[in-house]
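Structural overview for review
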Amino acid sequence: MKRLFTLFAMVCAMALTTGCAVNRATASLTPGTDLTQVKTAYVVKQPKNTHGLDNLIAANLEKRGYTVTRGPELATPYPADVSFTYVDKWMWDITMYLLELTINVRDPKTGFPMATGNSLHTSLTRKSPPEMVDEVLDNIFKAPKK
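Now for a description of the structure that goes with this document.

What counts as what
Residues numbered from 1 in each chain as written. Predicted model: local features only at pLDDT ≥ 70, side-chain atom pairs only at ≥ 80, totals over all residues. Heavy atoms only, no water. Core = buried A, V, L, I, M, F, W, Y, C linked by side-chain atoms within 4.5 Å. Buried < 20%, exposed > 50% of the residue type's maximum accessible area, 1.4 Å probe, protein only. Helix = DSSP H or I, 4+ residues; strand = E, 2+ residues; numbered from the N terminus. Contact = heavy atoms within 4.5 Å. Axes fitted to C-alpha atoms, helices over the stretch in contact; angles between N-to-C directions. Parallel < 35°, antiparallel > 145°, perpendicular 65-115°, else oblique. Left-handed = near helix turned anticlockwise from the far one by under 90°. Nonpolar A, V, L, I, M, F, W, Y, C, P; charged D, E, K, R; others polar.

With that out of the way, let us pick up the nonpolar core. Judged by nonpolar contacts, the single largest core of 27 residues is most densely connected at Leu35, Leu61, Phe84, Leu101, Ile103 and Ile140. Broken down by secondary-structure element, the contributors of at least two residues to this core are strand S2 (40–44), helix H2 (53–63), strand S4 (82–93), strand S5 (95–106), strand S6 (113–121) and helix H3 (129–142). When residues of this core are assigned to their parent elements, the largest contribution, 5 residues, is made by H3. Beyond its immediate sequence surroundings of up to four residues, Leu101 is in contact with Leu53, Tyr86, Val87, Asp88, Gly117, Asn118, Ser119, Met132, Val133 and Val136.

A few words now on the packing of H2 against H3. Where H2 meets H3, the axes come as close as 10 Å, and the angle between the chain directions of the two elements is 50°. As the angle between them shows, H2 and H3 are arranged oblique. As for the relative orientation of H2 and H3, their crossing is right-handed in sense. Here H2 contributes Leu53, Leu56, Ile57, Asn60, Leu61 and Lys63 to the contact with H3, which in turn contributes Pro129, Pro130, Val133, Asp134, Leu137 and Phe141. A class-by-class count of the residues in the contact of H2 with H3 yields 9 nonpolar, 1 polar and 2 charged.

Now the structure itself:
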């Protein structure tokens, strides 16, 4: 009976601790998309952005050699080769941290998504916002062409 109780306690402990560390990073390109032709980008600042992610995305793109402008959402067409939009999700666990970041590369004329990248890191595998931006953009630019 004691062994059965110990086994039951171990199974319960394992069930309670699974799922605490999630680490996912993905990217995909729309068929026919060629990001090697991109020279200029427009980063759309989200109206409720209080974390400066538009600045981080713009700085990362500039570091990669792109000419970047940023500002509010505009009517298409954007004054660039592509526009970047993002969706951020923040979570509280002792401190606020960026749980998930999705960045979309859009056609400046139509607003249609050309590429999408996503990064999700829960509390135990969390990354700083600059690291998450870098991870998402790396995955977008390294995504296989279709």
